[in-house]
Amino acid sequence: YLLRAGSWRALPPRIYVALVGQLFGTPPSTNIIEVALVATIGGLAAWRSADPWLAALTLITCAAILTIIPFRRHYAERRILAQHPESVRAFEQRFERLSWAISAGMGLMAARALLATDDTLVHLTLIVVALGATTASLRYHFRPRIAFGRAVAINGPLAGGLILTGDLYYVILGLAALAATKLFLAVCVQLYRGSLAVLTTIEEKERLADELQAANADLEHRESERREAEAAVRRLRAELTHVSRLSAMGAMASTLAHELNQPLTAVTNYVRGSRRLLEDPSDATLGQVGEAMAAAEAGALRAGQIIRRMRGLVYRGKAETRPENLEALIREACDLALIDAERLGITHRLDLASEARWAHVDHVQIQQVLINIIRNAVEAMSESPRREIDIATRIADGSFIEIGVADTGPGIAQSEDGALFTPFRSTKSEGLGIGLSISRTIVEAHGGKIWAAAGEEGGAVFRFTLPTAAAPDLA
Ligand code: ADP
């Protein structure tokens, strides 16, 4: 290729790349190219001249070049640089000695080829070997002695031939080698500069990559810290929600105890009466006992239901959303929150749209929101002449259900407007002021909104939205 190519620009890209590699020895395997070159030229000359010495010299030189490959690899992988300075020096000495051996092999080979044959082709190929000296001098630009040795070893025989014979032929050959070397040198300098630029970019890239990696590690660290902080906030919020639920239950405890007492007292009375009737059983009394037992059963069931719902709210479960029947959920919340309604003279009305029945929510949490709002309404109406609560649902927009709880209390004080949902804002002497703020957190975690407004006929309306769900397949 080198001989045929008129200009170095005409070289096929693969050769070009190989030359760059050969020059700067980035991949150690480029020495293979050197071996191939020496083997071809030496082999050709030995075959043409049938000179066994030349063949032996070629073999030895190739072997020497092959021996240097592991050295180069060792160096390229920067393993040697990581070692003690003394071992680095010893390594470089051995490397230098091997390089001298290669130079000597190449020089002897060239001289022998010149002496052994008159073949023009062999002599021309020697010019190529001379070019190799230039490559070497550039490759070993950091070791001038090796470069010098290589140049002398290859170009020496040509000069020797000239001096010994005074034959013009050698003059032409020497001049041709010189011209070719000069041209090649120009090419190599270009390549070298280009490669230097590439090397600098690579170094810059490596430095930037290191910086990027460090920045990434830092970012990952911060990200994991942020995630941990978020998890802690989530845990605390769940804890607070639970505490607020317990506090709501605590506030209702006396009411609940009172309301539980009623069915239990009724059960006791029915059972006592029945026992008395059974002391003197007759057909008529047995019928009465049956009725009394049914009434006792209903009372016990009601008490059990109240306790079960309370337990559901006190239970610290994992929040999980699923399609829930809002109608059943609202009725259950009313059972608990309006347990003393009758005694307080409060009536309530439900206006639940059938198309707004299924919502994607966490059962316990939404019950908590409803109980907070309904209990607030109950407490707000304690002084009101009219005591009514209206709970209505409707489809707000395609994917949300709006739930409204309206009361006939005094309404929201102007000064409280907007601050209602802020934590620890309470107008009640024993209020904690966290009910509405927790409710907002819960509703927003469901993707909904919560707000308060003035009712049409006075009083307050609290509305919130929840995502709709498809009715589950009951089959
Ligand atoms: P708490 O009930 O412990 O005070 P909340 O966060 O539930 O805490 O309520 C905050 C405040 O909002 C209440 O103190 C009250 O002033 C006001 N509020 C809530 N609901 C109503 C209502 N239905 N009518 C009038 N004011 C209300």
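For the structure, check the block above.
In this numbering scheme, every chain counts its residues from 1 along its sequence in written order. In keeping with the model being predicted, local features are shown solely for residues with a pLDDT of at least 70 and side-chain atom pairs are shown and tallied solely at 80 or more, while totals for entire chains, interfaces and linings include all residues. Side-chain measures here rest on the full set of heavy atoms in the structure, leaving out hydrogens and waters.

The next point concerns the overall build of the protein chain. Think of it this way: any DSSP run of H or I at least four residues long counts as a helix, any run of E at least two long counts as a strand, and we number them from the N terminus. Secondary structure assignment for the protein chain yields 12 helices and seven strands. Residue exposure (1.4 Å probe, protein chains only): buried if accessible area is under 20% of the type maximum, exposed if over 50%, otherwise partly exposed. Buried residues in the protein chain amount to 37% of all 475 residues. We call two residues in contact when some of their heavy atoms are within 4.5 Å. Residue pairs at least 24 apart in sequence account for 71% of intrachain contacts in the protein chain once pairs closer than 6 positions are excluded. Only the protein chains shown count as cover for residues, with accessible areas throughout obtained via the Shrake-Rupley method and a probe of 1.4 Å. Of the roughly 27,700 Å² of accessible surface on the protein chain, 59% is carried by carbon and sulfur atoms.

Spatially, E2-E4-E5-E7-E6 is the arrangement adopted by the five strands of the open sheet, whose pairing is mixed. Each having just a single partner strand, strand E2 (347-352) and strand E6 (450-454) make up the two edges of the open sheet. On average, adjacent strands in this sheet sit at an angle of 20° to one another, irrespective of strand direction. When DSSP finds two or more bridges between two strands, those strands count as paired. To obtain each axis, a line is fitted to C-alpha atoms, and for helices this fit is confined to the stretch in contact; angles are then taken between N-to-C directions over 0 to 180 degrees.

Now for the site of the ligand. Residue proximity to a molecule or strand is established when one non-hydrogen atom of the residue lies within 4 Å of it. Close to the ligand lie 18 residues; Asp407, Ser426, Thr427, Lys428 and Leu436 are nearest. Identification of polar contacts relies on pairs of N or O atoms within 3.5 Å, with a donor-acceptor requirement for protein atoms, meaning one able to donate a hydrogen and the other able to accept it, and with residues adjacent in sequence counted only if both atoms are side-chain atoms. Contact between the ligand and Asp407: a nitrogen atom at 2.8 Å from a side-chain N or O atom of the residue. Gly435 is positioned such that a nitrogen or oxygen atom in its backbone is 3.4 Å from an oxygen atom of the ligand. Calculation on the ligand without its partners gives an accessible area of 530 Å², and the protein chains cover 91% of this total. With three residues, the single largest contributor to the shell around the ligand is helix H11 (residues 363-380). Here the shell around the ligand is built from residues that sort into eight nonpolar, seven polar and three charged. For this scheme, ten residues count as nonpolar: Ala, Val, Leu, Ile, Met, Phe, Trp, Tyr, Cys and Pro. Four count as charged, namely Asp, Glu, Lys and Arg, and the remainder, Gly too, count as polar.

Here the focus is the nonpolar core. If you look at the biggest cluster of nonpolar residues, it comprises 50 residues, and the most contacted ones within it are Leu370, Ile373, Ile374, Ile389, Phe462 and Phe464. The element that contributes the greatest number of residues to this core is H11, accounting for eight residues. What we call a nonpolar core is a set of buried Ala, Val, Leu, Ile, Met, Phe, Trp, Tyr and Cys residues that are connected through their side-chain atoms within 4.5 Å. Counting residues in hydrophobic clusters, the runner-up holds 19 residues, among them Leu54, Ala64, Ile68 and Phe71.

A separate point is the pairing of strand E4 (residues 388-397). Relative to E4, E2 runs parallel, the two sharing six bridges. Its bridge partner lying in E4, His348 is registered against Ile389. As paired strands, E4 and strand E5 (residues 400-407) are joined by eight bridges and run antiparallel to one another. Along E5, the bridge assignment pairs Arg394 with Glu402.

Salt bridges are identified by distance alone: a Lys or Arg side-chain nitrogen within 4 Å of an Asp or Glu carboxyl oxygen. Considering all chains together, one arrives at 16 salt bridges under this definition. A cluster of three or more residues bridged by salt bridges with shared partners is formed by Glu223, Arg226, Arg227, Glu230 and Arg234.

Moving on, we get to the packing of aromatic side chains. The rule is short: rings of Phe, Tyr and Trp, with Trp giving its six-membered ring, pair when the centres are within 6.5 Å, and they are stacked under 30 degrees, edge-to-face over 60, tilted in between. This model, assessed by the stated rule, comprises one aromatic pair. On the basis of an interplanar angle of 70° and a centroid distance of 6.3 Å, the ring pair of Phe421 and Phe462 is categorised as edge-to-face. Taken together, the residues Phe421 in the loop between E5 and helix H12 (435-445) and Phe462 in strand E7 (residues 460-467) connect sequence positions 41 residues apart. Like Phe462, Phe421 is buried.

Relative to the elements of secondary structure, Gly107 occurs in helix H4 (residues 85-116). Between the alpha carbons of Gly107 and Leu57 there is a distance of 9.8 Å; along the sequence they are 50 residues apart.

Mapped onto the fold, Gln367 is located in helix H11. In contact with Gln367, not counting residues within four places along its chain, are Leu313, Leu329, Glu332 and Ala333.

Running from N to C, H11 and H12 point in directions that differ by 145°, and their axes come no closer than 9 Å. As H11 runs across H12, the sense of the crossing is left-handed. Each of Gln365, Ile366, Gln368, Val369, Asn372, Ile373 and Asn376 in H11 lies in contact with H12, whose residues at this interface are Gly435, Leu436, Ile438, Ser439, Ile442 and Val443. By definition, any crossing whose near helix is turned counterclockwise from its far helix by less than a right angle is left-handed, and any crossing with a clockwise turn is right-handed.

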